[in-house]
Amino acid sequence: MDSEDLKLLLMLDERGSMSAVAKQLDLAVSTVARRLEGLEATLGLRLLDRRANGVRLTIEGSRIAALAAPLVDQAARIGRAAAMLGTASAAGHVTISSIDLIITDVLAPALPMLWAKSPGLSVTLRAQGEVISLAAREADIALRMSRPEGASLIARRIYEIELGCFASPGYLAGRDPAAISLGQERLLVYDDSYGRIAELDWVAKAGLDGAVALRTGSTRALLNAAAADGGIALLPVLFAQRAGLTRLPIAFQLPPRPVWLLTHRDVRRLPAIRAAHRWIAAAFTGLTRG
């Protein structure tokens, strides 16, 4: 019996669909289905209840998942320990998970700085908004907009993203930005992909929910929609200004969005992880100076 197949069962129980599990692990849905069918055959049990509206665990599947959780966790701990024992330098590989904005506009441009100091370190940059498990080694480092719960994680607040309301000159069409009432415009805002972030509460408290024309978890989508004269977007100030958008004065200050650097306790002292931490901190410092 493969612990990775048991891990798939646990992930399916948590995420609720094979497509979500497949996306998380960068696998084909057919691969996930085949491996779970193989687990059912090995155990001689029907673990999954396949319905037209999705897949759920059977009573037997839920019981096996509960029993498998400590085994999957222990296998992950062994993997992390092996990585620590086998790594003696900053060479190696680190997988970093974050939202699209941080991956594409903060970390990717800073890669030459990483390789100048750690030429033997390779990285995987995963642009994903959904919650991932560091304990299950779905990534080595995560950068998230909210601080998660869990005693096994080391969380460090490394940056605050200033937010504002922006529109293109074409959308404004010569109007005075200071005279615009947001409630009468098309608003482009974030969805709840990152949890109940402070911006969503700001939109609600300002009574602007009725003006929202677009919700998305992608900062790039908000930038592109605003640049195409689509409406007034809630955006990180630095990137909106780089895109040539006009900032609108607002009566209620938007709260900054914190960036949390997350690592599992078991791997925090690995030289490769520490090198990646230093690089990430430097990338955000360079962003501030820029």
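This is a predicted model, so every value here is computed, not measured.

Thresholds applied
Residues numbered from 1 in each chain as written. Predicted model: local features only at pLDDT ≥ 70, side-chain atom pairs only at ≥ 80, totals over all residues. Heavy atoms only, no water. 1 Å grid on protein atoms, 1.4 Å probe; cavity = no way out; pocket = protein on both sides within 12 Å on 5 of 7 lines; lining within 4 Å. Points joined across faces, edges and corners; volume = space filled by probe spheres on them. Helix = DSSP H or I, 4+ residues; strand = E, 2+ residues; numbered from the N terminus. Pairing = 2+ DSSP bridges. Axes fitted to C-alpha atoms, helices over the stretch in contact; angles between N-to-C directions. Patch = residues over 30% accessible without salt bridge, like charges linked within 9 Å, V, L, I, M, F, W, Y side chains within 5 Å. Areas by Shrake-Rupley, 256 points an atom, 1.4 Å probe, with all protein chains shown as cover. Salt bridge = Lys/Arg side-chain N within 4 Å of Asp/Glu carboxyl O. Lys, Arg positive; Asp, Glu negative; His and termini not counted. Charge placed at Lys NZ, Arg CZ, Asp CG, Glu CD. Buried < 20%, exposed > 50% of the residue type's maximum accessible area, 1.4 Å probe, protein only. Arc of directions from axis to C-beta. Contact = heavy atoms within 4.5 Å. Phe/Tyr/Trp six-rings, centres within 6.5 Å; stacked < 30°, edge-to-face > 60°. Lys NZ or Arg CZ within 6 Å of the ring centre and 35° of its normal.

Caption draft 1: Highlighting empty space enclosed by the protein. For the structure on display, the rule yields two cavities of 30 Å³ or more. Estimated volume of the largest cavity: approximately 40 Å³. If you go around the largest cavity, the residues you meet are Cys-165, Leu-182, Leu-187, Val-189, Trp-202, Val-203, Ile-232 and Leu-234. Of all the elements in the fold, those that place two or more residues in the lining of the largest cavity are β8 (187-190), α8 (198-205) and β10 (232-236).

Caption draft 2: Region of interest: the sheet that holds strand β3 (residues 92-98). Across the sheet, which stays open at both edges, the five strands sit in the order β4-β3-β5-β12-β6 with mixed pairing between neighbours. One side of each edge strand has no neighbouring strand; the edge strands of this open sheet are β4 (121-127) and β6 (153-161). Across the sheet, the mean angle separating the axes of adjacent strands is 20° when strand polarity is ignored. With two bridges joining them, β3 and strand β5 (residues 141-144) adopt parallel strand pairing. Across the sheet, residue Ser-97 finds its bridge partner in β5, namely Ala-142.

Caption draft 3: Representation of a positive patch on the surface in the model. A cluster of basic residues, Lys-117, Arg-265, Arg-268, Arg-269, Arg-274 and Arg-278, forms a positive patch at the surface. Here Arg-274 lies in helix α11 (residues 271-289).

Caption draft 4: Fine view of unusual backbone geometry. Phi angles above zero are rare outside glycine, and Ala-173 is one such case at about 50°. Relative to the assigned elements, Ala-173 resides in the loop between α7 (169-172) and β8. In this structure, Asp-229 is a non-glycine residue whose phi angle is positive, near 70°.

Caption draft 5: Looking closely at helix α2 (residues 18-25). For α2, the complete set of buried residues consists of Met-18, Val-21, Ala-22 and Gln-24. Down the axis of α2, the buried side of the element spans an arc of 160°, and every buried residue falls inside it. Elements in contact with the buried residues of α2: α1 (3-15), α3 (29-43), β1 (48-51) and β2 (54-57).

Caption draft 6: Quick look at the packing of aromatic side chains. The final tally for this structure, using the stated rule, is one aromatic pair. With centroids separated by 5.0 Å and ring planes inclined at 40°, the aromatic side chains of Tyr-159 and Phe-284 adopt a geometry described as tilted. Pair noted here: Tyr-159 is in strand β6 and Phe-284 is in helix α11, with a separation of 125 residues, a long-range link. There is no split in this pair, since Tyr-159 and Phe-284 are both buried. The residue whose ring lies beneath Arg-257 is Tyr-190, and the NZ or CZ to ring-centre distance is 4.2 Å.

Caption draft 7: A look at the pattern of salt bridges. Summed over the entire model, instances satisfying the criterion amount to eight salt bridges. Close ionic contact of Asp-49 with Arg-46 constitutes a salt bridge, the shortest N to O distance being 3.9 Å. Note on Asp-49: relative accessible area 21%, which makes it partly exposed. Of the charged contacts in the structure, one is a salt bridge between Arg-175 and Glu-185, with a shortest N-O distance of 2.9 Å. Highlighted residues: Arg-175 in the loop between α7 and β8 and Glu-185 in the loop between α7 and β8, separated in sequence by 10 residues.

Caption draft 8: Region of interest: the pairing of β2. Burial along β2 is one-sided: Val-55 and Leu-57 are buried, while Gly-54 and Arg-56, pointing the other way, are not. Summarising the sheet, β1 and β2 pair through four bridges and their orientation is antiparallel. Its bridge partner lying in β2, Leu-48 is registered against Leu-57.

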